[in-house]
Amino acid sequence: MTLTKFKEMLPKTDHLFIPFITAGDPNGEATIEIALALQEAGASVIELGIPYSDPIADGLVIQRASARALSNGMNIVKAMELVPEMRKRGLNIPVVLFSYYNPVLQLGEENFFALLHKNMIDGVLIPDIPFEESGQIRLKCKENGIAFITLVAPTSTLRIKTLVENAEGFVYCVSSLGVTGVRNEFDKSITSFIEEVNKYSKVPVAVGFGVSTKEQVDEMNTICDGVIIGSALMKEIERLNEGLSSENTREQAVEEFKNFAKSLIS
């Protein structure tokens, strides 16, 4: 896989829809079916979150999802192993692994990259590694043809040019300060922030952290190339958790979830 391949795998669409889901919530099989349903709903990339006990960038909804997944025995290796099964069943869009650095460190970087390659994962996002300390990981990504997704925040100011010019796959623009979670509105400075990012970016620019309604999706799509939606989707998964957990009711629950996802972007 090359970085050119990541671009080629992106569906031809006016705006990217990048959903975040937590691997193993409520279980591995449900995660596979949810990913496939999101592709059917119009997803451009799947952001597959590794459940972690101290998710410092995540709000309560994703914290609860991580807790449920961990209690069901999910871990970084099992999460990666879900992706080949998704591929077998027809997933053909890029998969980006979202993980804090601690699980990567415990696994060992060499083993981590070997497993990324083996399990056909196209990109990684590690939110708690500052760009200035990510040189070794970025080098390994380049050697393995894996996109290293860059986070850019409104507070990045003087670093925006450096961060964005080195971005691969897509630029992840953090809409506001704080943790992930549903927000009623965005700071008025977001437009000028996105304009600054667009100036330097050679890859699509997507906005995340708080995008949770159709109106917000439409608003963001006027200033960038797409949106990243996590908490709103995970809240729906939480609501449907009982149905998604059982083989007897999963099909109906997945369909209901897919319709919800579609309603956010269409």
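Shown above is the structure to which this text applies.
Counting restarts for each chain: residues are numbered from 1 in the order of the written sequence. A pLDDT threshold of at least 70 governs which residues receive local features in this predicted model, and a stricter bar of 80 or more applies before side-chain atom pairs are shown or counted, although totals over entire chains, interfaces and linings include all residues. Water and hydrogen atoms play no part in the side-chain values, which are based on all heavy atoms of the structure.

This brings us to unusual backbone geometry. The omega angle of the peptide bond from Asp 25 to Pro 26 is 5°, so this bond is cis rather than trans. Of note, the phi angle at Met 120 is positive, near 60°, even though the residue is not glycine. A run of H or I in DSSP becomes a helix once it reaches four residues, and a run of E becomes a strand once it reaches two; helices and strands are each numbered from the N terminus. Assignment of secondary structure puts Met 120 in the loop between α6 (109-118) and β4 (123-125).

Our next topic: the packing of α6 against helix α7 (residues 135-144). Look at α6 against α7: their axes get within 11 Å of each other, and the N-to-C directions meet at 35°. Handedness of the crossing formed by α6 with α7: right-handed. Across the interface between the two elements, Glu 109, Glu 110 and Phe 113 from α6 touch Gln 136, Ile 137, Lys 140, Cys 141 and Asn 144 from α7. Just so you know the grouping, Ala, Val, Leu, Ile, Met, Phe, Trp, Tyr, Cys and Pro go in nonpolar, Asp, Glu, Lys and Arg go in charged, and all remaining residues, Gly too, go in polar. Of the residues in the contact of α6 with α7, the class split is three nonpolar, two polar and three charged. Axis definition: a line fit to C-alpha positions, over the contact stretch in the case of helices; interaxial angles, taken between N-to-C directions, run 0 to 180 degrees. Helix crossings fall into two classes, left-handed where the near helix is turned counterclockwise from the far one by less than a right angle and right-handed where it is turned clockwise. What makes two residues a contact is simply this: any of their non-hydrogen atoms within 4.5 Å.

What follows is about the packing of aromatic side chains. Pairs were defined over the aromatic rings of Phe, Tyr and Trp, the Trp ring being its six-membered one, requiring ring centres within 6.5 Å. Orientation was assigned from the angle between planes: stacked under 30 degrees, edge-to-face over 60, tilted for the rest. Summed over the entire model, instances satisfying the criterion amount to five aromatic pairs. Between the aromatic rings of Phe 98 and Tyr 100, the centroid separation amounts to 5.7 Å while the plane-to-plane angle is 85°, which identifies the pairing as edge-to-face. Accessibility here uses a 1.4 Å probe with only protein chains present; expressed as a share of the type maximum, an area under 20% marks a residue as buried, one over 50% as exposed, and anything in between as partly exposed. For Phe 98, a relative accessible area of 7% puts it in the buried group. Each residue in the set Phe 20, Tyr 52, Phe 98 and Tyr 100 is aromatic and connected to the rest through ring pairs, giving one cluster. Distance and angle both matter: a charge sits over a ring if NZ of Lys or CZ of Arg is within 6 Å of the ring centre and within 35 degrees of the ring normal. Of note, Arg 138 hangs over the ring of Phe 131, and the distance from its end group to the ring centre comes to 4.1 Å.

Take the pairing of strand β7 (residues 171-174) next. Along β7, one buried face is formed by Val 171 and Cys 173 and the opposite face, lined by Tyr 172 and Val 174, is buried too. The sheet contact formed by strand β6 (residues 150-152) and β7 spans three bridges and is parallel. Bridge pairing links Leu 151 to Tyr 172 in β7. With strands facing away from the observer, any crossover in which the path from the first strand over the helix to the second runs clockwise is taken as right-handed. Taken together, β6, helix α8 (residues 160-165) and β7 constitute a β-α-β crossover, and its handedness is right-handed. When DSSP locates at least two bridges between a pair of strands, those strands are taken to pair. Here β7 pairs with strand β8 (residues 205-208) via four bridges, running parallel. Among the inter-strand pairings, Cys 173 is bridged to a residue of β8, identified as Val 207.

Let us now look at the sheet that holds β7. Taken in spatial order, the nine strands make up an open sheet running β5-β4-β3-β2-β1-β9-β8-β7-β6, and their pairing is parallel. Edge strands, defined here as strands with exactly one partner in the open sheet, are β5 (147-148) and β6. Here strand β3 (residues 95-98) pairs with β4 via three bridges, running parallel. Residue pairing for β4: Leu 97 is matched across the bridge by Val 124. Packed onto the sheet, helix α2 (residues 28-41) meets β1 (16-22) and β2 (46-49) and runs at close to 170° relative to β1.

Right, let's get into helix α9 (residues 190-200). Within α9 the residues assigned to the buried category are Ile 190, Phe 193, Ile 194 and Val 197. Along the axis of α9, the buried residues cluster in a sector spanning 95°; they form a single face. Turned more than 90 degrees off the buried face of α9, the exposed positions are Glu 195 and Lys 199. Buried residues belonging to α9 abut β6, α8, β7, β8 and α10 (214-221). Working definition: the arc comes from the directions between the helix axis and the C-beta atoms, pointing outward to the latter.

Turning next to the pairing of β2. Neither face of β2 is left uncovered, since the one carrying Ile 46 and Leu 48 and the one carrying Glu 47 and Gly 49 both have all their residues buried. For β1 and β2, the ladder comprises three bridges, and the chain directions are parallel. When the bridges of β2 are listed, Ile 21 appears paired with Leu 48. Handedness of the β-α-β unit built from β1, α2 and β2 comes out right-handed.

Relative to the assigned elements, Arg 250 resides in helix α13 (residues 247-265). Two residue types count as positive, namely Lys and Arg, and two as negative, namely Asp and Glu; His and chain ends fall outside the count. Just to be clear on terms, a salt bridge is a Lys or Arg side-chain nitrogen sitting within 4 Å of an Asp or Glu carboxyl oxygen. It is Glu 33 that comes nearest to the buried, bridge-free Arg 250 among opposite-charge side chains, at 4.1 Å. What Arg 250 contacts, discounting residues up to four positions off in sequence, is Asn 27, Glu 29, Ala 30, Glu 33, Gly 243, Leu 244 and Ser 245.

This brings us to the side chain of Asp 25. Tracing the backbone through its elements, the reader meets Asp 25 in the loop between β1 and α2. A polar atom in the side chain of Asp 25 sits 3.1 Å from the side chain of Asn 241. Non-local contacts of Asp 25, meaning those with residues more than four positions away in its chain, are made with Thr 31, Ile 34, Ala 65, Arg 68, Ala 69, Met 234, Ile 237 and Asn 241. Under the rule applied, a polar contact is a pair of N or O atoms within 3.5 Å (in protein, one hydrogen donor and one hydrogen acceptor; residues adjacent in sequence only if both atoms are side-chain atoms).

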